[in-house]
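As a plain string of letters, each chain reads:
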Amino acid sequence: MYDPEILEATRALCRAGGALNLRVLYQELLQRCNTNEEEFLHIMNGCSRFLLVPGSAGDGEGRPEDCTVVARTSLRLCSAYYHERCAEGVGCQQLHLCRYFIYGNCRFDKGRKSCKYSHDLGSDHNQQLLRECTLQELHEDHLRLLLLQNDPELLPEVCSHYNKGSAPLGDCSFQVSCTKIHLCQHFVKGDCMFGLRCKRQHTIDQHGRHMLEDRGLSGDLMEELPFIYRNMYNLKNADTEKNVEPVNEGGEEICLHFIRNSCKFNNECSRVHFHLPYKWEIFNDRTWTELQDMEDIERDFCDPSKNHSCTHLPVDFLSMRRGSKPVRRLSTISSVLKPPHYVLTTEWLWYYKGEQGNWIEYGHPDEKQRTTSVTSQTLEVSFQSNRTGVIEVVKGNRQYVLSFKDMYQRNPKHNTKRRVCRRPRFVPVVEVQRKWG
């Protein structure tokens, strides 16, 4: 089922040109959906539809309320279809649509002769893809904008040579015949310090308009294009950062034998060597660096009621960031994957949000002394076997479905849902030292 919060948030972003400030988006959503701030942040951080772009701050850390939310989708137009080399029904995962229909200016729209390329979002092929991406209820104009800022084949690039040199058109050798867009790159990145005094364009100039109109873009899109290009930059930049982030050669699992001073592989070990069963790191200058106040951060993280640490520079547990910088938690293997005699494995505890807003561990009695049919251990076993699966839960005379993918427990009969949380049991440093000191 399509969560109404995701649909309404997507509509709000598209109405605003593809992106909005995080707090502004929350206020927009409150007018249409009954959702609290915690659920809202959970959706923003957990749903692939939304990209959170940290705001700029003098200390480089940024604040959550400074974030911009950009709408994204994996859907693209099928280029093979446009060149009549793709047949429907053979597994194509891209939309079969007229490019000029997306531009909003197909010349066959109002003529007697019909366009040989589809304008039909409701075709069997297109509807199936839209449903899979949960975009079938989106308005045509909103889908058009979503595709423009996500499909890199639809719009020309920003001319990098225009942004170099001192000439009016920079070092662009094509000048007024350039087929790329002449826009200030710093405006696109959102960090131009000159504003209206900038010698580079912050809007589409006359040459750009003619070039884009020849390409088929409607005049209605011209005013929005500079901000669409900014969204395109943020989306591309996020994908680039994700691809270049270093992966620790030992993976993200801490070596149990090293903690016990018994690892025979030394530097050849495929796991992380650390003296605790958990390790918190921050991504700095292309490398992962150990965080200070690690035990305090871990203690707060183990408390399901806390969404951020209480340290001087807090770690946001929902976005796994400290300010604008990514944070990660490494740990030992889950306790359900090793025999009971193994110590300092990570014991994961599962909680659902109770009627009073408190977090209740699965298998423990709630305020009415009712217990669930599953425990933390049984949930962890199921989770380790299928991290995107679902499991049935019974409490009293009610039946629920728990989804590991979005971490919600739903009541199908009454169409209600509760947040689900997975946090480790806290292990103090003194406990580690007592066992293997």
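The model shown is predicted, which means the values in this text are computed figures rather than measured ones.

Tell me about the packing of aromatic side chains, residues and numbers included.
Taken as a whole and assessed by the stated rule, the structure comprises twelve aromatic pairs. An angle of 45 degrees between the planes, with centres 5.8 Å apart, marks the rings of W280 and F317 as tilted. Remark: F317 occurs in the loop between helix 12 (294-301) and strand 6 (321-322) and W280 occurs in strand 4 (residues 278-284); sequence separation between them is 37 residues. Both residues of the pair, W280 and F317, count as buried. The structure contains a cluster of three or more aromatic residues connected by ring pairs, namely W280, F301 and F317. For R144, the ring lying beneath its charged end belongs to F101, and the centroid distance is 5.1 Å. The residue whose ring lies beneath R422 is W348, and the NZ or CZ to ring-centre distance is 3.8 Å.

How would you explain the sheet that holds strand 11 (residues 398-403) if you had to name every residue and give the values?
Reading across the sheet, the six strands line up as 9-8-13-12-11-10 and stay open at both edges, with antiparallel pairing between neighbours. Two strands lie at the open edges of the sheet, namely strand 9 (359-361) and strand 10 (390-395), each paired on one side alone. Adjacent strand axes in the sheet meet at a mean angle of 30 degrees when their direction is disregarded.

Go over the pattern of salt bridges with me, naming the residues and quoting the values.
Evaluated as defined, the whole model comprises 26 salt bridges. For R32, the salt bridge is made with E28, and the minimal N-O distance between the two is 3.8 Å. For E28, a relative accessible area of 26% corresponds to the partly exposed category.

With reference to specific residues and values, describe helix 13 (residues 376-385).
Those residues of helix 13 lying buried are S376, L379, E380 and F383. Considered in projection along helix 13, the buried side chains sweep an arc of 100 degrees and stay on one side of the axis. Within helix 13, the exposed residues directed more than 90 degrees away from the buried face are Q377 and S385.

Explain the side chain of N411 residue by residue, including any values.
Its place among the elements puts N411 in strand 12 (residues 408-411). Exposure remark for N411: the relative accessible area of 5% places this residue in the buried category. Each residue touching N411, except ones within four places of it in the same chain, is listed here: R398, Q399, Y400 and T416.

Any details on the sheet that holds strand 6? Residues and values, ideally.
Spatially, four strands are ordered 5-4-7-6 in an open sheet, and the strand pairing comes out antiparallel. Across the chains shown, the open sheet's two edge strands, defined by having one partner strand only, are strand 5 (287-290) and strand 6. Looking at chain direction, strand 4 and strand 7 (residues 325-331) are connected through five bridges and run antiparallel. Bridge assignment links E281 to a residue of strand 7, and that residue is R328. Strands strand 4, strand 5 and strand 7 of the sheet are contacted by helix 12, whose axis makes an angle of about 105 degrees with strand 4.

Break down the pairing of strand 13 (residues 416-424) for me, with residues and values.
As defined by bridge partners, strand 8 (residues 348-353) adjoins strand 13 across five bridges and the pair is classed as antiparallel. By the bridge assignment, W350 is partnered in strand 13 with R422. In this sheet, strand 13 lies alongside strand 12 in antiparallel orientation, the contact comprising four bridges. Paired with Y408 across the bridge in strand 13 is R419.

Break down the environment of N358 for me, with residues and values.
Among the structural elements, N358 can be located in the loop between strand 8 and strand 9. Residue N358 is classed as partly exposed on the basis of its relative accessible area of 32%. N358 sits 54 residues away from P304 along the chain, and the two C-alpha atoms are 9.1 Å apart. Every residue in contact with N358, bar those within four places of it in the chain, is listed here: Y352, K353 and E367.

Quick notes on the rules
- Residues numbered from 1 in each chain as written.
- Predicted model: local features only at pLDDT ≥ 70, side-chain atom pairs only at ≥ 80, totals over all residues.
- Heavy atoms only, no water.
- Phe/Tyr/Trp six-rings, centres within 6.5 Å; stacked < 30°, edge-to-face > 60°.
- Helix = DSSP H or I, 4+ residues; strand = E, 2+ residues; numbered from the N terminus.
- Buried < 20%, exposed > 50% of the residue type's maximum accessible area, 1.4 Å probe, protein only.
- Lys NZ or Arg CZ within 6 Å of the ring centre and 35° of its normal.
- Pairing = 2+ DSSP bridges.
- Axes fitted to C-alpha atoms, helices over the stretch in contact; angles between N-to-C directions.
- Salt bridge = Lys/Arg side-chain N within 4 Å of Asp/Glu carboxyl O.
- Arc of directions from axis to C-beta.
- Contact = heavy atoms within 4.5 Å.

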